[in-house]
Amino acid sequence: APPLRPFSIRLDRSSLELLPAGPVLTRRLSDLEGLFADEAAWRADVDNGDPIVYTVASSPVPETATELPQSITRIRPGDVAGELYFTKGHMHPVAEGEIYLGLEGEGGLLLFDGTDIEFLEITPDRIGYIPPGWAHRSVNVGSNDDYSFLAVYPGGAGHDYGWVLEHGFGARVYAGAAGAELRSYPQP
Ligand code: M6P
Ligand code: ZN
């Protein structure tokens, strides 16, 4: 496909939609197989309605090399046996960076390079920077509200989900009495 012509996109501040809109992806709990610590609790919630965990609404900019696509991810509040709802998380197979801009709610950005863990708080108007070589997962750390953020990333970066199944994130995020708790686990 030829490069796009210049155009503008409107971010509707009340609906948090991008206009014009592109494809929308919906991820239900069943799409997050093998990712939550408590597999029995995960299966029970899948069998009991398989709730939507998050949606990803893209702009019309395609994921092709040299383009710069954007998307808005909205994560519902919720947990599986205390482990707060999150995105699948991925590594960019082509080592390139990405930014996230918080739009609503309270989020966490969990980053893992295979050795080090970082956890950034993302609230409205805060930008999280994801350097190349760091796998990234978003968590809704709010207890009642959606967490939404705008992502801007190189179109050729790609999404490696297998890396996460193999390496995990080095930590999990749980609902605690005094807010979200990051619990790291021993590295192999
Ligand atoms: C952000 C971006 C997207 C990503 C989405 C959901 O919007 O990083 O590239 O697809 O979050 O995350 P995941 O693909 O890990 O489910
Ligand atoms: Zn990414």
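Details of the structure are given in the entry above.
Structural notes, computed from the coordinates. (Residues numbered from 1 in each chain as written. Chains lettered and ligands numbered in written order. Predicted model: local features only at pLDDT ≥ 70, side-chain atom pairs only at ≥ 80, totals over all residues. Heavy atoms only, no water.)

## Some words on the site of ligand 1
- In the neighbourhood of ligand 1, 16 residues make up the surrounding shell, with Tyr54, Thr73, Glu98, His159 and Tyr161 lying closest.
- Ser71 has a polar side-chain atom sitting 2.9 Å from an oxygen atom of ligand 1.
- A distance of 2.5 Å separates an oxygen atom of ligand 1 from a polar atom in the side chain of Tyr161.
- Protein chains bury 97% of the 370 Å² of accessible surface belonging to ligand 1 in isolation.
- Secondary structure elements with two or more residues in the shell around ligand 1: strand E4 (52-58), strand E5 (70-75), strand E8 (98-104) and strand E13 (147-152).
- The residue makeup of the shell around ligand 1, split by class, is 7 nonpolar, 6 polar and 3 charged. (Near = heavy atom within 4 Å. Polar contact = N/O pair within 3.5 Å; in protein donor to acceptor, adjacent residues only side chain to side chain. Areas by Shrake-Rupley, 256 points an atom, 1.4 Å probe, with all protein chains shown as cover. Helix = DSSP H or I, 4+ residues; strand = E, 2+ residues; numbered from the N terminus. Nonpolar A, V, L, I, M, F, W, Y, C, P; charged D, E, K, R; others polar.)

## What about the side chain of Arg172?
- Tracing the backbone shows Arg172 in strand E14 (residues 171-176).
- Of note is the side chain of Arg172, whose polar atom sits 2.8 Å from the backbone oxygen of Leu35.
- Excluding anything up to four places from it in sequence, Arg172 contacts Leu35, Phe36, Ala37, Glu83, Glu181, Leu182, Arg183 and Tyr185. (Contact = heavy atoms within 4.5 Å.)

## Some points on the sheet that holds strand E9 (residues 107-112)
- Taken together, the 3 strands give an open sheet; going across it, the order is E10-E9-E12, and neighbouring strands pair in antiparallel fashion. The open sheet is flanked by strand E10 (117-122) and strand E12 (135-140), the only strands paired with a single partner. Within the sheet, the average angular offset between the axes of one strand and its neighbour, ignoring direction, is 20°.
- Sheet topology places E9 next to E10; 6 bridges connect them, and they run antiparallel. Across the sheet, residue Leu111 finds its bridge partner in E10, namely Glu118. (Pairing = 2+ DSSP bridges. Axes fitted to C-alpha atoms, helices over the stretch in contact; angles between N-to-C directions.)

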